[in-house]
Amino acid sequence: MKILHTADWHLGKIVHYLHMTEDQRFILNEFLSIVKRVKPDAVIIAGDLYDRSIPPKEAVELLNQVLTRLTNELAVPVLAISGNHDSPDRLEFGAELFRKQGLYLETKLKKNREPITLYDDDGPVHFHLIPYLEPAEVAYVFEDDRIKTHHQAAEQLIKDIHDRFNMAERHIWVGHAFLAGGMETDSEERLSMIGGSPYVEAGLFQSFTYTALGHLHQPQQVTSPSIRYSGSILKYSFSEARHHKSVTLVELPPEGRPIIDKIPLVPMRDFEIVEGYFEELMKGEAASSMENYLHIRLLDDGQLIDPMGKLRKIYPNILYLERKNVARDQQLSELNKMKERQQMSHLDLIASFYEELKGTSMPEERKHLVQQAIAALKETERGR
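Residues numbered from 1 in each chain as written. Predicted model: local features only at pLDDT ≥ 70, side-chain atom pairs only at ≥ 80, totals over all residues. Heavy atoms only, no water.

**Q** Which residues make up the packing of helix α1 (residues 21-38) against helix α2 (residues 57-73), and what values go with them?
**A** Running from amino to carboxyl end, α1 crosses α2 at an angle of 5°, the nearest separation of the two axes being 11 Å. On the basis of the axis angle, α1 is roughly parallel to α2. Along the contact surface, α1 presents Thr 21, Gln 24, Arg 25, Leu 28, Asn 29, Phe 31, Leu 32, Val 35 and Lys 36, while α2 presents Glu 58, Leu 62, Gln 65, Val 66, Arg 69, Leu 70 and Glu 73. Grouping the constituent residues of the contact of α1 with α2 by class yields seven nonpolar, four polar and five charged. (Axes fitted to C-alpha atoms, helices over the stretch in contact; angles between N-to-C directions. Helix = DSSP H or I, 4+ residues; strand = E, 2+ residues; numbered from the N terminus. Parallel < 35°, antiparallel > 145°, perpendicular 65-115°, else oblique. Contact = heavy atoms within 4.5 Å. Nonpolar A, V, L, I, M, F, W, Y, C, P; charged D, E, K, R; others polar.)

**Q** Any details on the side chain of Ser 82? Residues and values, ideally.
**A** Within the secondary structure, Ser 82 is located in the loop between β5 (78-81) and α3 (88-92). Judged by relative accessible area, Ser 82 falls into the buried class, the value being 1%. A distance of 3.5 Å separates a polar atom in the side chain of Ser 82 from the backbone oxygen of Thr 107. Ignoring sequence-local partners within four residues, the contact set of Ser 82 consists of Gly 47, Asp 48, Leu 91, Glu 106, Thr 107, Pro 131, Tyr 132 and His 176. (Buried < 20%, exposed > 50% of the residue type's maximum accessible area, 1.4 Å probe, protein only. Polar contact = N/O pair within 3.5 Å; in protein donor to acceptor, adjacent residues only side chain to side chain.)

**Q** Give me the lowdown on the sheet that holds strand β1 (residues 2-6), citing residues and values where you can.
**A** As summarised here, the arrangement of the six strands in space is β6-β5-β4-β1-β15-β16, forming an open sheet in which the pairing is mixed. The sheet is open, and its two edges are formed by β6 (103-106) and β16 (259-264), each paired on a single side. This sheet shows a mean twist of 20° between the axes of neighbouring strands, independent of strand direction. Of the strands in this sheet, β4 (42-46), β5 and β6 touch α2, which is tilted by about 145° from β5. (Pairing = 2+ DSSP bridges.)

**Q** Would you mind going over unusual backbone geometry in detail, with residue names and values included?
**A** Residue Asp 8 is not a glycine yet carries a positive backbone phi of 55°. Owing to a relative accessible area of 0%, Asp 8 belongs among the buried residues under this scheme.

**Q** I'd like to hear about the pairing of strand β15 (residues 246-251), residue by residue, with values.
**A** Counting buried positions along β15 gives five out of six residues, so the element sits mostly inside the fold. As paired elements, β1 and β15 share four bridges and run antiparallel to each other. Counterpart to His 5 in the pairing with β15 is Thr 248. Where β15 meets β16, six bridges bridge the pair, whose relative direction is antiparallel. Paired with Leu 249 across the bridge in β16 is Asp 261.

**Q** Talk me through the nonpolar core; I want residue IDs and the actual numbers.
**A** Core analysis: the biggest nonpolar cluster contains 39 residues, and Leu 4, Trp 9, Val 43 and Leu 70 have the highest contact counts within it. Mapped onto this core, the elements with two or more residues apiece are α1, β4, α2, β5, β6 and β15. The greatest single-element share of this core, amounting to seven residues, is contributed by α1. If we ignore the near neighbours within four places in the chain, the residues touching Leu 4 are Phe 31, Ile 34, Val 35, Pro 40, Ala 42, Val 43, Ile 44, Val 247, Thr 248, Leu 249 and Ile 263. In this structure, Ile 130, Leu 157, Ile 161 and Leu 191 belong to the second largest nonpolar core, which totals 30 residues. (Core = buried A, V, L, I, M, F, W, Y, C linked by side-chain atoms within 4.5 Å.)

This is how it looks when you write it as C-alpha cells:
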C-alpha cells in the first residue's frame, strides 16, 4: 500500500499582512499533480487544514476544490483530522456524508471509535484518526481525571487501541501533537500547557507501523524513520527559510518497516533572507529570484532615505527590512534583560511582572501573600 502523508496546509494564512491563498493554490495544484503521478492508495492530512477557526471564504473554497478533486476525480481515499488551528465543530459539518465519497474526517474524540480500515494484497491496514485534543477532553471521555498532560492523554489512547485491536496487524496513527525532540519554528502556535506539559514522548508510538504527524512545520523524523512529521506545504515564516518542503510517500510492506521517500514541493515564490549593503542590493542580484518573499538585512551604518520604497521597485515582495546593527543591539538588550532576570528572586520576578502589567508597584500585602505561596510551593517540591 502506498500512502501520501501531508499536513499543516494552513489555508487562509496571512504572513506579514500578505494573504497566502494564491501561493497555496499553486502548491496544492502541484500536490494534485504528485497524486496523479504517484497514484497512492490513500492520502493523509494530519491536521491544520485551515489557519484559524473561522477561515476566509477563499480558503474554504480552495479546500473544497482540492478535496473534491482528490475524492471524485482521482478517487483516492482521504484520511484527515483537525489540528489545533481548526474548529472541530465547523470542520465536522457533513463529515458523515463525505465518508460515502471516500473523505474520512475526524474532529472529535469518541470513546468507542473504530479505525478506518483499507485493504491491499497483504491484508488490512488500520488508520487511527486522532484529532488534536486537550488532555481534559481525553480525561472526560475516559472518565479519568488523572489525565493532566498531552503525554498522559496519548498514553491512554494508545492503551485503548492495544486493548481493543490486534496489534499484530498493520496500524497507522494519524495525529496532531508536539513530540519531545521535534524541531519547532516561529510559525507554529504553541500548544496549550494548561494542566501540564504539551510534549508527548515518541516512544509511545513504537508499536505502530507508521505514525503520521502534523503540527511541526519542518519535515522530520523523531527517534525513528516511521515516526514522522510531513511538515507544512509552504514556508510560513523566515525561520523556515532553509527548510525544503515536501510530502512524504510511505510504502507499507507486508511486515517490517515502511519505505519512506520525500517528494519535494517547489513554491511559486520562496522565502529568502538577504543581507548586504543598500547599493549592492539595488543592482538586483542579491536574491535567488526577484519575486521571492524577502527578509532584508541592511549592513549600512549611515542614514538612508526610504530604503524600503526604493528596494521594492526591484524586489516587489519584501516582507521585512531591518538594519543589522540595530537588530544586533536589540538582541544584546534582550540578552542583558534575560541575564538580569536570572539573578532575580522568585518574588522579584513576580513583582516585576506585576509592575509591567499594572503600571504600578505591587502592594506590600500582596508581596507577603506571594511570598507565602512561594514558600508553600518550595515545601511541596521538597516533598515535606
